[in-house]
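# Structural description and commentary
Next come the chains, spelled out residue by residue.
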Amino acid sequence: MSILYTYGFLSNSYNRFFQKYGLTGQQYNALRILRDQYPRPVSTSFLREKMLDRMSDASRLVSRLQGKGLVEVTTNIGDKRLVNILISDKGQKALGAIDKDLHQVDAMIESLTEEEAKELAELLHKVRESLRERAWGNACCRAD
């Protein structure tokens, strides 16, 4: 329960941070993935696989980002049922602005020392690995 309680606090704080830029946490995550793949376009299924929240509707998310001019979407030449998604110049600039203020997100947990933060990250990784080893966890917990 402590992990879920803490997740709620962190999630709300992240959402407030990204709202300042007119984005949700999911939209920011999608833009980061697209920036990492740039200049190679990706499909919605690739994006969904890499997202932190795999339950999100990647198509709707991409449509919203496209509506904001943050991504460019074109039809895949090889398979007309698929689309190619590429971060736009405006999307790159938006991430650049967020990157400058991202230290504010880290400041939310400034009460942890560097060593404690590393230990927490290792413990959380260990929890995720344990979940992956369970049959019920395989479908939901493939991050990393």
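Residues numbered from 1 in each chain as written. Predicted model: local features only at pLDDT ≥ 70, side-chain atom pairs only at ≥ 80, totals over all residues. Heavy atoms only, no water.

### Points about the overall build of the protein chain
Counted only if it meets this: Runs of E in the DSSP output that reach at least two residues are strands. Runs of H or I that reach at least four are helices, and both are numbered from the N terminus. Any pair of residues with heavy atoms lying within 4.5 Å of one another is described as a contacting pair. Method for areas: the Shrake-Rupley scheme with a 1.4 Å probe, in which residue coverage is limited to the protein chains shown. None of His or the chain ends enter the tally, which takes Lys and Arg as positive and Asp and Glu as negative. Where a charge lies is defined by one atom per residue type: Lys uses NZ, Arg uses CZ, Asp uses CG and Glu uses CD.
Across its full length, the protein chain carries seven helices and two strands. Mapped in sequence order, the helices and strands of the protein chain form the string α-α-α-α-β-β-α-α-α. With respect to the three principal axes, the spread of C-alpha positions in the protein chain is 50 × 40 × 20 Å. When contacts within the protein chain are restricted to residue pairs at least 6 apart in sequence, those whose partners lie at least 24 apart make up 48%. When the accessible area of the protein chain is evaluated, it comes to approximately 10100 Å², of which 54% is carbon and sulfur surface. In the protein chain, 22 positive and 19 negative side-chain charges are present, and the distance between their average locations comes to 8 Å.

### A few points about helix α1 (residues 2-19)
Using the following cut-off: To estimate how far a helix should reach, multiply one less than its number of residues by 1.5 Å. We call a residue buried when its accessible area falls under 20% of the maximum for its residue type, exposed when it is over 50%, and partly exposed in between, using a 1.4 Å probe and counting protein chains only. Here the arc refers to the set of directions running from the helix axis out to each C-beta atom.
Between the first and last C-alpha of α1 there are 26 Å, a value that for 18 residues agrees with the 26 Å anticipated at 1.5 Å per step. Buried within α1 are the following residues: S13, F17 and F18. Viewed end-on, α1 has its buried residues packed into an arc of 130°, placing them on one side of the element. Residues L4, Y5, R16 and Q19 are exposed on α1 and point more than 90 degrees away from its buried face. On its buried face, α1 sits against α2 (25-37), α5 (89-101) and α6 (103-106).

### Here's the deal with the pattern of salt bridges
Convention followed: A pairing counts as a salt bridge when a side-chain nitrogen of Lys or Arg comes within 4 Å of a carboxyl oxygen of Asp or Glu.
Scanning the model with the defined rule gives three salt bridges in all. Ionic pairing is found between D79 and R81, a salt bridge with its closest N-O pair at 2.9 Å. Using a relative accessible area of 75% as the deciding quantity, one classes R81 as exposed. Between R132 and E129 there is a salt bridge whose closest N-O contact spans 2.4 Å. Note that R132 and E129 are positioned in helix α7 (residues 114-133) at a spacing of three residues, about one turn of the helix.

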